[in-house]
Amino acid sequence: MNASKPLVIVTRKLPQMVEVRMRELFDARLNADDRPMTKAELIEAVETADVLVPTVTDKIDREVLSRAGPNLKLIANFGTGVDNIDIETARNRGITITNTPGVLTEDTADMTMALILAVPRRLLEGATLLKNQQDWPGWSPTWMLGHRIYGKRLGIIGMGRIGTAVARRAKAFGLSIHYHNRRPVPEPIEQELEATYWESLDQMLAHMDIISVNCPHTPATYHLLSARRLKLIKPDAYIVNTSRGEVIDENALARLIDNGEIAGAGLDVFEHEPAINPRLLNNRRVVALPHMGSATIEGRIDMGEKVIINIKTFMDGHAPPDRVFPAML
C-alpha cells in the first residue's frame, strides 16, 4: 500500500471521472470488469482495506465484518440504502458507515412518476404490441383503454425526500396526495401539497387508487405490505414500488394481480434481485424495470462525489457528512 494514501477497495465499476478522482486521492483498487464480488472476495477486501466502498447489492453481513482487519475503519456505501450492511456489527467493531443521501431524490421521483403514468395507461402494453410487429388495426374508441390518473388518490408510503418529491410531481398531474409516515411532515409542506396524513396504514391502503412505496427497507419495513395488508387494497388500484423489493410480499402481490384483486403494478425493485418472480414478469398488468430508478449519469457521478467527500473528510480526522447511525434506521 502507498503509505501516504489509504487503501480504498471499490466493489463495482463506477463512472470514469469518479474512478479517476479516486486514483488521484487514494490508493484505489477498482473493479474494472464490474463482476460482483463473491463473499470470499468481500472477506479478503475487509481484511486488507482501510476503506471499503460497496454498493447496495454487496451483502456486508456479520460473517464478512467478523473478518475485518484492524485497518478497516470506514465503509463508504455507494448508495442511499444501507440495508446491505450489518450496521450494528460494524458499530461494535468501531467501523464508521456512510451513505449517499439526497443526490438521487429527483431521479427516483421521476421514475416513480413514470410508473404511476405507465401502469394505469397501459403504456408498456401498447409499446410492446408495436415493437413485436403485431397487427394493429388502427385507432378505435374502445381499444387499449386504460384509466385516467387525474383526480385519483395517491397514497405514499414513506414521506421522506423521495416521497415528498413524488408528491410534488403527482400534485401537478392532478392527483390527491395522501401519505403514511412515522410522523406527519411539517405543516408548511403538508399545506403546499394539500396532503392528508393517515396514521393507520391499513386505512389508507383501503381508500387509495394508486399506492407508491417510498420507504427504506429496514427490519421494521420488511413485508410491510404483507399478504394481509395487500388484501385491503381495492381491486381497481395500482401499486408502484421504486424503494426496495423486500417491503412487499412479492408472492402475495403476484397472486392478487393474477386473481384480479389488484389492478396492476409498476415495479423497479424486487424481493430477491436479480431473480424476479415469473408470475410478475409475465403478467401484462405489471410494468417491470431492472432497478433503474436512480440510473442517471448525473446521479451516479453525484453519488461518487459524495463517497469521495466522506472518505476524504474521515481520513482528515473529521466527522464525515453522511455518517449513518443505527438510530437513524
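Residues numbered from 1 in each chain as written. Predicted model: local features only at pLDDT ≥ 70, side-chain atom pairs only at ≥ 80, totals over all residues. Heavy atoms only, no water.

Per an unreviewed UniProt entry, the recorded name for the protein chain is Glyoxylate reductase, and the organism is Dichotomicrobium thermohalophilum.

1. A few points about unusual backbone geometry
Here Glu 273 and Pro 274 are connected by a cis peptide whose omega angle stands at 5°. Among the secondary structure elements, Pro 274 is positioned in the loop between strand S11 (264-267) and helix H12 (278-281). Here Met 144, not a glycine, exhibits a phi torsion of approximately 55°, which is positive. Here Met 144 is to be found in the loop between helix H6 (123-131) and strand S6 (153-157). Owing to a relative accessible area of 22%, Met 144 belongs among the partly exposed residues under this scheme. In this model, His 223 sits at a positive phi of 50°, which is unusual for a non-glycine residue. You can see His 223 is positioned in the loop between strand S9 (210-213) and helix H10 (227-230). (Helix = DSSP H or I, 4+ residues; strand = E, 2+ residues; numbered from the N terminus. Buried < 20%, exposed > 50% of the residue type's maximum accessible area, 1.4 Å probe, protein only.)

2. Focus: a nonpolar patch on the surface
Taken together, Leu 130, Trp 136 and Trp 143 make up a surface patch of nonpolar side chains, about 340 Å² in accessible area. With respect to the helices and strands, the residue Trp 143 is situated in the loop between H6 and S6. Residue class for Trp 143 comes out partly exposed when judged on its relative accessible area of 33%. (Patch = residues over 30% accessible without salt bridge, like charges linked within 9 Å, V, L, I, M, F, W, Y side chains within 5 Å. Areas by Shrake-Rupley, 256 points an atom, 1.4 Å probe, with all protein chains shown as cover. Salt bridge = Lys/Arg side-chain N within 4 Å of Asp/Glu carboxyl O.)

3. Concerning the sheet that holds strand S10 (residues 238-241)
If you walk across this open sheet you meet the 7 strands as S8-S7-S6-S9-S10-S11-S12, and the pairing is parallel. In this open sheet, the two edge strands, each paired with only one partner strand, are strand S8 (196-197) and strand S12 (286-288). Strand direction decides the pairing type here: S10 and S11, joined by 4 bridges, are parallel. Across the sheet, residue Asn 241 finds its bridge partner in S11, namely Leu 267. Helix H5 (residues 105-118) rests against S6, S9, S10, S11 and S12 of the sheet, and its axis sits at about 160° to S10. In the packing of helix H11 (residues 250-258) onto the sheet, the strands contacted are S10, S11 and S12, and the crossing angle to S11 comes to about 140°. (Pairing = 2+ DSSP bridges. Contact = heavy atoms within 4.5 Å. Axes fitted to C-alpha atoms, helices over the stretch in contact; angles between N-to-C directions.)

4. So, the nonpolar core
Ranked by internal contacts, the top residues of the largest apolar core, which has 28 residues, are Ile 157, Leu 230, Ile 233, Ile 239, Leu 253 and Ile 262. Of all the secondary structure elements, the ones that give two or more residues to this core are helix H9 (201-207), S9, H11 and S11. (Core = buried A, V, L, I, M, F, W, Y, C linked by side-chain atoms within 4.5 Å.)

5. So, the pairing of S10
The alternating pattern of S10 places Tyr 238 and Val 240 on one face and Ile 239 and Asn 241 on the opposite face, and all of these are buried. Here S9 runs beside S10; their pairing, made up of 4 bridges, is parallel. When the sheet's bridge partners are listed, Ser 212 is paired in S10 with Val 240. With respect to chirality, the unit in which S10 leads through H11 into the neighbouring parallel S11 is right-handed. (Right-handed = clockwise from strand over helix to strand, strands pointing away.)

6. Brief notes about the UniProt feature "domain: D-isomer specific 2-hydroxyacid dehydrogenase NAD-binding" (unreviewed entry) in the protein chain
Taking the numbering used here, the UniProt-annotated feature "domain: D-isomer specific 2-hydroxyacid dehydrogenase NAD-binding" (unreviewed entry) corresponds to residues 113-293. Span residues 113-293 is 32% helix and 15% strand, its end C-alpha atoms 10 Å apart. (UniProt positions renumbered as here; feature names shortened; annotations may be inferred.)

7. Remarks on the domain arrangement of the protein chain
Taken as a whole, the protein chain is organised into domain 1 (7-99 + 296-328) and domain 2 (104-288). The C-alpha centroid of domain 2 is placed 31 Å from the C-alpha centroid of domain 1. Across the boundary between the two partners, domain 1 contributes 9 residues, which contact 5 residues of domain 2. Of the roughly 560 Å² buried where domain 1 meets domain 2, counting both sides, 45% is carbon and sulfur surface. Across the contact surface, domain 1 and domain 2 share 1 salt bridge. Of the charged contacts, one joins Arg 244 and Asp 83 as a salt bridge, the two residues approaching to 3.4 Å between their closest N and O atoms. Here the side of domain 1 that touches domain 2 is composed, by residue class, of 3 nonpolar, 4 polar and 2 charged. (Domains from an automatic or database assignment. Buried area = accessible area lost by both parts, 1.4 Å probe. Nonpolar A, V, L, I, M, F, W, Y, C, P; charged D, E, K, R; others polar.)

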